[in-house]
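# Understanding the architecture of this molecule
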Amino acid sequence: MTDLQPEPALRVRFAPSPTGMFHVGGARSALFNWALAEQTGGRFVLRVEDTDAARNRPEWTEGIISALAWIGIHGESPHFEGPYFQSAYEEQHRAAAAKLIADGKAYHCTCTRDEVKARTGSEHQGYDGFCRDRGLPEGAVRFRTPDEGVTVVDDLVRGRVEFPNQAIEDFVIARADGSPLFVLANVVDDIEMRITHVVRAEEHLSNTPKQQLLWDALGVAPPTWAHLPVIVNEKRQKLSKRRDKVALESYRDEGYLPEAMVNYLMLLGWGPGDDREIMPWSEMVPLFKLADVNPSPAFFDEKKLRAFNGEYIRALPVEVFIRRCDPWLDQSWGRETFAKVAPLAQTRITVLSEITANVDFLFLDEPVFDQASWDKAMKPGAENILAGYLARLETVSFDTESLKTALEEVGAEYGLKLGKAQAPVRVAITGRTVGLPLFESIEVLGREKAVERLRTALAKLQAQTPA
């Protein structure tokens, strides 16, 4: 074990375990760490906890790196370091366990759980210290926890947290074969990488006194701790991958903008101190302070996130919006046509994946009819509106204002205002009751296709009308 002390520069570490998905809570922790690194000129150290063979899949590690890059955390920045892999430090882990044994701060133990239960008479009681002074040459390695006093964790978010040492059993730090457990490997890696700050989820707070005892026993000052508030759903239950939508990748694939996601995640437990919510990363970083983080549970409100995303979409330059939509557009669809309606679509969608349903009618031979929309719009009288508008559409000047005026005239003939008159026309043209502005859409679609669709809808309506 080297006797390195942390460098003066801030070094925060983000140490996810590969699980096949990247939790939004992990993304929030990563962003808080990233903000600290950027504002101090420090380093964000990515370390992959890959010692669990069942989770050691290259594609899962690549998923972590890809998800981090999507929210702006990547190796092109001078603040990024890694990725490192915990499995590469096994020699240092074993050496640390040997040092602790040699110093009398750890010992070998061969007790089974059943033996401990038989001695204590309780399956709930912790280890009883039976092997503490037996001087065994082999077995699992346990850390010798102090019998008295308290271990104090000074947490930047939670303040002073005391853990009575009597409540901390002599915990295992290495298996009988010498392979380390997470609690030891985590500390050794942090020491080797000269980590100065550990900013992570609240669920790790219970592990912190054990890790701090190990830091002290290895002769290195522990890092600055900060445990972030738990993230909960609308029922105030901790977000769960079995129950809630928690994978960052799913939001990315649905068409959330990374800048909107970053903005929203940064506000889960922290705020800039004023009424602002929509603000770019560059403005948040200088204001961010761990001391301002609220330890109370933070509510992940997907509706609010969606509203954030809509704000960011509307703020994009149109040409950027068009590029961002491209993954959701069929490659055979004409981009020139799409560009004509992009400004209209930009004001109406809240996630990019919604763009397909808003514009597909322009490129398909016939619209995809939503049955609920058809049933809602094609009420008695719809046939008259379609027939009347069709008659005018064949000769009317084909511009937005003229198209609108023509339908107003048809509606007036039957005592209908424009809002009512345009419902069956919209479904005939687009297949849906909601979407882009109708008359601009008809103009872009063109006279020939518009006439054909009105005829098709009229024939369908007449065919289902009883004789």
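Below: a short report on this structure. The model shown is predicted, which means the values in this text are computed figures rather than measured ones. (Residues numbered from 1 in each chain as written. Predicted model: local features only at pLDDT ≥ 70, side-chain atom pairs only at ≥ 80, totals over all residues. Heavy atoms only, no water.)

If you look at the biggest cluster of nonpolar residues, it comprises 52 residues, and the most contacted ones within it are Phe 321, Phe 338, Tyr 389, Val 425 and Ile 442. Contacts of Ile 442, omitting those with residues within four sequence positions, involve Tyr 389, Phe 398, Leu 403, Val 425, Ile 429 and Ala 450. (Core = buried A, V, L, I, M, F, W, Y, C linked by side-chain atoms within 4.5 Å. Buried < 20%, exposed > 50% of the residue type's maximum accessible area, 1.4 Å probe, protein only. Contact = heavy atoms within 4.5 Å.)

This brings us to the pattern of salt bridges. What the rule picks out here adds up to 31 salt bridges. Salt-bridge contacts for Asp 133 lead to Arg 144; the nearest nitrogen and oxygen are separated by 3.5 Å. Here Arg 144 lies in the loop between strand S5 (140-143) and strand S6 (150-155) and Asp 133 lies in the loop between helix H4 (113-120) and S5, a separation of eleven residues in the sequence. By relative accessible area, Asp 133 is classed as exposed at 68%. For Arg 243, the salt bridge goes to Asp 244, with nearest N and O atoms at 3.4 Å. Overall, the relative accessible area of 45% leaves Arg 243 in the partly exposed class. (Salt bridge = Lys/Arg side-chain N within 4 Å of Asp/Glu carboxyl O. Helix = DSSP H or I, 4+ residues; strand = E, 2+ residues; numbered from the N terminus.)

The N-to-C vectors of helix H15 (residues 382-393) and helix H16 (residues 400-413) enclose an angle of 140°; their axes lie 9 Å apart at closest approach. Here H15 is positioned oblique relative to H16, judged by the angle of their axes. Both H15 and H16 take part in a crossing whose hand is right-handed. On the side of H15, the interface is formed by Asn 384, Ile 385, Gly 388, Tyr 389, Arg 392 and Leu 393, while H16 contributes Leu 403, Ala 406, Leu 407, Glu 409, Val 410, Gly 411 and Glu 413. Grouping the amino acids of the contact of H15 with H16 by side-chain chemistry returns seven nonpolar, three polar and three charged. (Axes fitted to C-alpha atoms, helices over the stretch in contact; angles between N-to-C directions. Parallel < 35°, antiparallel > 145°, perpendicular 65-115°, else oblique. Left-handed = near helix turned anticlockwise from the far one by under 90°. Nonpolar A, V, L, I, M, F, W, Y, C, P; charged D, E, K, R; others polar.)

Time to look at the side chain of Asn 33. In this fold, Asn 33 is placed in helix H1 (residues 24-40). For Asn 33, the contacting residues outside a window of four places in its chain are Val 12, Arg 13, Phe 44 and Val 199.

Another point: H1. Its 17 residues give H1 an end-to-end C-alpha distance of 25 Å, which sits within 8% of 24 Å, the value for a rise of 1.5 Å per residue. Of all 17 residues that make up H1, 13 are buried, and the element is covered over most of its length. With its phi angle positive at about 70°, Gly 41 sits one or two positions after the end of H1. (Expected span 1.5 Å × (residues − 1).)

The residue Gln 92 is located in helix H3 (residues 90-102) in this model. Residue class for Gln 92 comes out partly exposed when judged on its relative accessible area of 25%. Put simply, Gln 92 and Glu 138 are 46 residues apart on the chain and 19 Å apart in space, counted from C-alpha to C-alpha.

Sheet architecture is open: three strands sit in the order S4-S5-S8, paired in antiparallel fashion. The sheet is open, and its two borders are formed by strand S4 (106-109) and strand S8 (172-174), each paired with just one other strand. Across the sheet, the axes of successive neighbouring strands diverge by a mean angle of 45°, strand direction being ignored. As paired strands, S5 and S8 are joined by two bridges and run antiparallel to one another. Bridging across to S8, Val 141 finds its partner in Ala 174. (Pairing = 2+ DSSP bridges.)

This paragraph deals with the packing of aromatic side chains. Going through the model one piece at a time under the given rule, you end up with 14 aromatic pairs. Ring centres of Trp 270 and Phe 288 lie 5.4 Å apart, and the angle between their planes is 65°; this geometry places the pair in the edge-to-face category. One end of the pair, Trp 270, is in the loop between helix H8 (258-266) and helix H9 (281-287); the other, Phe 288, is in the loop between H9 and strand S12 (298-299), with 18 residues separating them in the sequence. The burial state of Trp 270 is the same as that of Phe 288; both residues are buried. Counting every residue linked through ring pairs, the aromatic cluster contains Phe 14, Phe 22, Trp 34, Phe 44 and Phe 80. The lysine or arginine in question, Arg 28, covers the ring of Phe 32, its NZ or CZ lying 5.6 Å from the ring centre. Here Arg 236 stacks its cationic end above the ring of Phe 299, 4.7 Å away from the centre of that ring. (Phe/Tyr/Trp six-rings, centres within 6.5 Å; stacked < 30°, edge-to-face > 60°. Lys NZ or Arg CZ within 6 Å of the ring centre and 35° of its normal.)

No statement about biological role is implied by the geometric values presented.
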